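A structural walkthrough
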Amino acid sequence: MSMTEELRNAGRGREEWRVADPKDGSYCMVFSHYDGHTFNPEREAHEWLDDHRRRFPDSQFAGHEVRRVVARDRTDDLLHSAAEHIERLSARALELAAANDDMRGLLLWTLYHHQGGSSDIGQPIRRALGIGQHDHLTAEQIAEAKAAAAMPANAEVSGGL
């Protein structure tokens, strides 16, 4: 399960059983697993309401019913917002990684043309790419450089390798 799925699951709210007015939903009692001592909140809500009706038949709550409600609070909303933010950042990170791959290829292409051990252009590029001062470019690096040179935006000015 991904981090965003876990955040959304954690922010799904909590199930409550409320003794509520059937017209407006206002309630007088809540039973849930989250109160620390309720094992079966639905049953306990029904038992409470049945007992209340028996003992106080004319009570303002005698006409209430037991309702299942999923209650969400600020924390649930924050968890969903965090999941959305992570998804946006992940998408941006993928875009940046693709751009980074393109830049690496372009740097390799430039290095291919300025490989000398004393090149003012090639040596900083070697350091940036983690390539030793006198190391030869590998076949993979040359292929990456050629692919960058062949990108539509570069093809007409690159002149190939």
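Not measured: the values here are computed from a predicted model. (Residues numbered from 1 in each chain as written. Predicted model: local features only at pLDDT ≥ 70, side-chain atom pairs only at ≥ 80, totals over all residues. Heavy atoms only, no water.)

**A few points about the confidence of the model for the protein chain**
Taken residue by residue, the protein chain gives an average pLDDT of 88. The fraction at 70 or more is 93%. Taking the mean pLDDT of every element in the protein chain, the minimum, 61, falls on helix α6 (residues 152–158) and the maximum, 95, on helix α2 (residues 41–55). (pLDDT = per-residue confidence, 0-100. Helix = DSSP H or I, 4+ residues; strand = E, 2+ residues; numbered from the N terminus.)

**Topic: the packing of aromatic side chains**
In total, this model carries zero aromatic pairs according to the counting rule given. The aromatic ring of Tyr27 is capped on one face by Arg18, whose charged end is 4.2 Å from the ring centroid. (Phe/Tyr/Trp six-rings, centres within 6.5 Å; stacked < 30°, edge-to-face > 60°. Lys NZ or Arg CZ within 6 Å of the ring centre and 35° of its normal.)

**Focus on the side chain of Ser32**
Mapped onto the elements of the fold, Ser32 is located in strand β2 (residues 27–32). Residue Ser32 is classed as buried on the basis of its relative accessible area of 6%. Once residues within four sequence positions are removed from consideration, Ser32 is found in contact with Glu15, Glu16, Thr38 and Pro41. (Buried < 20%, exposed > 50% of the residue type's maximum accessible area, 1.4 Å probe, protein only. Contact = heavy atoms within 4.5 Å.)

**So, α2**
Along its 15 residues, α2 runs 21 Å from first to last C-alpha, staying within 8% of the 21 Å computed at 1.5 Å per residue. Taken together, the buried positions of α2 are occupied by Pro41, Glu44, Ala45, Leu49 and His52. Looking straight down α2, one finds its buried side chains confined to an arc of 135°; they lie on one side. As for α2, its buried residues are in contact with β1 (14–20), β2 and β3 (65–71). (Expected span 1.5 Å × (residues − 1). Arc of directions from axis to C-beta.)

**What to know about the nonpolar core**
Among the nonpolar cores identified, the biggest contains nine residues, and these are Leu108, Trp109, Leu111, Ile125, Leu129, Ile131, Leu137, Ala145 and Ala149. Of all the secondary structure elements, the ones that give two or more residues to this core are α3 (74–113), α4 (122–129) and α5 (139–149). The element that contributes the greatest number of residues to this core is α3, accounting for three residues. For Leu111, the residues in contact, after removing those within four places along its chain, are Gly122, Ile125, Arg126, Ile131 and Leu137. By size, the runner-up hydrophobic cluster in this structure holds six residues, among which are Val19, Ala45, Leu49 and Val66. (Core = buried A, V, L, I, M, F, W, Y, C linked by side-chain atoms within 4.5 Å.)

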